[in-house]
Amino acid sequence: MNTAFPFAVAYYVSTQSVDWRLLVGSVFFLIPYNVLMYGINDVFDYESDVRNPRKGGAEGALLPPALHRVMLVTSTLLAAPFVVWLVFQGQWPSWVVLALSLFSVVAYSTPPLRFKEIPGLDSVTSSVHFVSPALYGLALGGGLWAGEPLGQTVTLVLLAFFLWGMGSHAFGAVQDVISDREAGIGSVATIWGARSAVWFAVALYGLAGGLMLLSPWPISLTAIIALPYLAAVLPFVTITDQTARRAHGGWRWFLGINFFAGAVVTLVGINAGYLPG
């Protein structure tokens, strides 16, 4: 939902209509896009995942090596028809954004790029995974260069969403410091240290909330979304690399917080007249 919902909202805000492009695009960003992203990641992060006690369940698959080739082929074939159809539905702005989105999905995990092992760039790329579907929805719907006041509001929302994504990635990486180091994998948390990564997340969540306060009423109400994320992260600001797995206790709140955030965005969007009530 973190990828399908942003696309659907952005497309609807741009077009004020429900059509085949919205439906097919939502399905693409709900399933094939995520199978591609996490399938590739499960293949090339296997050495870390096999050392990670939280893998093998709801928080991430532990994909046997015998299925690695099958996963790469299947995820590509599943996504390809959607990508081709969407390309024919758009124009060059949407092509550029879709290409950026798919590039970020591949570059994050796949060698030799492996952006996930470049501190800072790993958080940026991870955030692009979630923000680019919204940006693509705007481009496909023709609202990428919306005039005032919509243009300013959209810019603030996307920037805040981008900072949220970076913060969420940084904090999520903290719980995996030990297993990532054992596998020789670098990240914003393993290179900078667990405590620095937590403070980085706190700063980004705070900035995201501050940006939303600058947006016009009632969109500024969505600044409240930053508070539960800060509440989940702040208890771990004194964490060490040796106790980094404790951060999993805060991360487990994120699923529920994400539903709360989505509800707030939806209700405020309806009240502002951007979404159908």
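Structure first, text after, so check above.
Undergrad: Help me out: how do you make sense of the packing of helix 1 (residues 4–15) against helix 2 (residues 20–30) in this one?
TA: When two helices pack together, their arrangement is given by the angle between the helix axes and the distance between those axes. Where helix 1 contacts helix 2, the axes come no closer than 8 Å and their chain directions differ by 160 degrees. The pairing of helix 1 with helix 2 is recorded here as roughly antiparallel in orientation. The handedness of the crossing between helix 1 and helix 2 is right-handed. Across the interface between the two elements, A4, F7, A8, Y11 and Y12 from helix 1 touch R21, L22, G25, S26, F29 and L30 from helix 2. Partitioned by chemical class, the residues of the contact of helix 1 with helix 2 number 8 nonpolar, 2 polar and 1 charged.

Undergrad: Is there a simple way to think about a nonpolar patch on the surface in this case?
TA: Residues M1, L30, I31 and L78 make up a contiguous nonpolar surface patch of roughly 360 Å² in combined accessible area. Relative to the assigned elements, L78 resides in helix 5 (residues 68–89). Judged by its relative accessible area of 33%, L78 is partly exposed.

Undergrad: Is there a simple way to explain the side chain of S101 in this structure?
TA: Inspection of the secondary structure puts S101 in helix 6 (residues 92–109). Looking at S101, the relative accessible area reads 1%, which means it is buried. Setting aside anything within four residues of it in sequence, one finds S101 in contact with F29, Y33 and S132.

Undergrad: For this particular structure, what's the right way to read the packing of aromatic side chains?
TA: Aromatic ring pairs: the centre-centre distance and the angle between the two ring planes describe each pair. Scanning the model with the defined rule gives 19 aromatic pairs in all. Arranged with centres 5.3 Å apart and planes meeting at 35 degrees, the rings of F7 and F29 form a pair that is tilted. Here F7 is found in helix 1, whereas its partner F29 is found in helix 2, with 22 residues between them in sequence. For F29, a relative accessible area of 0% corresponds to the buried category. Centre to centre, the rings of F28 and F29 are 4.9 Å apart; their planes meet at 65 degrees, and the pair counts as edge-to-face. Taken as a pair, F28 and F29 share a single burial class, namely buried.

Undergrad: Looking at this structure, I do not really get the pattern of salt bridges. What am I missing?
TA: Side-chain pairs of opposite charge can arise where the charged atoms are in close proximity. All told, the structure shown has 4 salt bridges when counted by the stated rule. In this structure, the salt-bridge partner of D45 is R114, at a minimum N-O distance of 2.9 Å. Taken together, the positions of D45 in the loop between helix 3 (32–44) and helix 4 (46–49) and R114 in the loop between helix 6 and helix 7 (121–141) put the pair 69 residues apart, joining distant regions of the chain. Assigned by exposure class, D45 and R114 land together as buried.

Cut-offs used in this document
Residues numbered from 1 in each chain as written. Predicted model: local features only at pLDDT ≥ 70, side-chain atom pairs only at ≥ 80, totals over all residues. Heavy atoms only, no water. Axes fitted to C-alpha atoms, helices over the stretch in contact; angles between N-to-C directions. Helix = DSSP H or I, 4+ residues; strand = E, 2+ residues; numbered from the N terminus. Parallel < 35°, antiparallel > 145°, perpendicular 65-115°, else oblique. Left-handed = near helix turned anticlockwise from the far one by under 90°. Contact = heavy atoms within 4.5 Å. Nonpolar A, V, L, I, M, F, W, Y, C, P; charged D, E, K, R; others polar. Patch = residues over 30% accessible without salt bridge, like charges linked within 9 Å, V, L, I, M, F, W, Y side chains within 5 Å. Areas by Shrake-Rupley, 256 points an atom, 1.4 Å probe, with all protein chains shown as cover. Salt bridge = Lys/Arg side-chain N within 4 Å of Asp/Glu carboxyl O. Buried < 20%, exposed > 50% of the residue type's maximum accessible area, 1.4 Å probe, protein only. Phe/Tyr/Trp six-rings, centres within 6.5 Å; stacked < 30°, edge-to-face > 60°.

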